[in-house]
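Given next are the chains, with one letter for each unit.
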Amino acid sequence: MANHCNTFVTLQGSVKVLDKIESKLKVYDQTTYFTEFCDYVLGLGKIGEYEKNYAHLIKKDKKPRKVKTEIKEGEKFSQIDMSIPYATYLKYGTRYWNFEITRDGKHLEMNGYTAWSPPIKFIIDLCKKYKVSATMHYDEMGMDFAGDLEIQPSGEYIHNEYTAHEVNYKNNPDWWMDDVVECYDNVEDFKEHFGKEKWLLNEDFDWICSEISAKEKIPSHEL
């Protein structure tokens, strides 16, 4: 299961509208659940009303309880209520999004890591609510998935999906090839994973095979 999905969003709209969105986004630290935060930003709920709004989904046999989670320093949502089903956490696509905001006139950027998957539904609903457009990129190397979206103010969107390896290869081929060579000690394993990928150029495929093959001939104590 993917745990850290890099998610980057750029919103485009009028200064007045983006000012309003930015003020809404800044309440993130005041909310306990990502669903609660999204509901507030979209005008569907108030802060502190999560349990009331989703009471019908909370397990009746357990009382809400706060549980410390294993998180890195600086991450938000250090406590979660494990009595509430994950279905409510994932209403908007993820359980949390540790984003930072960058503002430049008619553009507002949100960049950070989400849990498991990107908050696609949240961004689509945000565009529809405030009549702004958005571009979105996400990638998760551990589970090898990535994608790009172009979202219109109407909520209509184009969604292109890739593997994370394909995206990194296209964006920074030298880095990607060096990283693959470092990760693989056996040519056959590399061929099994990437031998059928059409996006990998033949000459780069052959170069990687030769580099891994050269590693195989070096005694392990000399690596």
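Preceding this section is the structure that the text describes.
The residue numbers shown here count from 1 along each chain, following its written sequence. Given that this is a predicted model, residues contribute local features only at a pLDDT of at least 70 and side-chain atom pairs are listed and counted only at 80 or more, while totals for whole chains, interfaces and linings are drawn from all residues. As a rule here, side-chain values cover all heavy atoms of the structure and leave hydrogens and water aside.

Focus: the side chain of Asp 39
As a reminder, the rule being used: A helix here means a DSSP run of H or I that spans at least four residues, while a strand means a run of E at least two residues long, and both kinds are numbered starting from the N terminus. Here a residue-residue contact requires only that any non-hydrogen atoms of the pair lie within 4.5 Å.
With respect to the secondary-structure elements, Asp 39 resides in helix α2 (residues 34-41). Excluding anything up to four places from it in sequence, Asp 39 contacts Leu 44, Gly 45, Tyr 54, Lys 91 and Tyr 92.

Topic: the nonpolar core
Counted only if it meets this: Take the buried Ala, Val, Leu, Ile, Met, Phe, Trp, Tyr and Cys residues and link them wherever side-chain atoms come within 4.5 Å; each set so joined is a nonpolar core. Burial classes follow relative accessibility: with a 1.4 Å probe on protein chains only, a residue under 20% of its type's maximum area counts as buried, one over 50% as exposed, and anything between as partly exposed.
With 34 residues, the main nonpolar core has Leu 11, Leu 25, Phe 37, Phe 122 and Ile 123 as its most contacted residues. Among the secondary structure elements, those contributing two or more residues to this core are β1 (5-12), α1 (15-25), α2, β4 (97-104), β5 (107-114), α5 (120-130), β6 (133-140) and β7 (145-151). If one sorts the elements of this core by residue count, α5 sits on top with seven residues. When residues no more than four places from it in sequence are discounted, the contact partners of Phe 37 are Lys 24, Leu 25, Val 27, Tyr 28, Thr 31, Phe 99 and Phe 122. One finds Val 181, Tyr 184, Val 187 and Ile 212 within the second-largest nonpolar core, a separate group that totals 15 residues.

Topic: the sheet that holds β4
Worth spelling out the cut-off: When DSSP finds two or more bridges between two strands, those strands count as paired. To define axes, lines are fitted to C-alpha atoms, for helices over the stretch in contact only, and angles between the resulting N-to-C directions are given on a 0 to 180 degree scale.
With antiparallel pairing, the six strands of this open sheet are ordered in space as β4-β5-β1-β6-β7-β8. Each of the sheet's edge strands pairs with one partner strand only, and the pair in question is β4 and β8 (157-162). Along the sheet, successive strands turn relative to each other by an average axial angle of 10°, direction set aside. Where β4 and β5 come together, eight bridges link them in antiparallel fashion. Note on β5: the bridge partner recorded for Thr 102 is Glu 109.

Some thoughts on the packing of aromatic side chains
To keep things clear, this is the line we draw: Centre distance within 6.5 Å is the pairing criterion for rings of Phe, Tyr and Trp, where only the six-membered ring of Trp is used; planes under 30 degrees apart are then read as stacked, over 60 as edge-to-face, and the remainder as tilted. Whether a charge sits over a ring comes down to the Lys NZ or Arg CZ being within 6 Å of the ring centre and within 35 degrees of the ring normal.
Enumeration according to the criterion identifies 20 aromatic pairs in this entry. Pairing Trp 176 with Trp 199 gives two aromatic rings, centres 5.6 Å apart and planes at 75°, and the pair type is edge-to-face. In this pair, Trp 176 is assigned in helix α7 (residues 173-183) and Trp 199 in the loop between α8 (187-194) and α9 (202-216), connecting sequence segments 23 residues apart. In terms of burial, Trp 176 and Trp 199 fall into one category: buried. Each member of the aromatic cluster is reached from another via a ring pair, and the members are Tyr 28, Phe 34, Phe 37, Tyr 92, Trp 97, Phe 99 and Phe 122. The ring of Tyr 40 carries the charged tip of Lys 24 above its face, separated from the ring centre by 4.4 Å.

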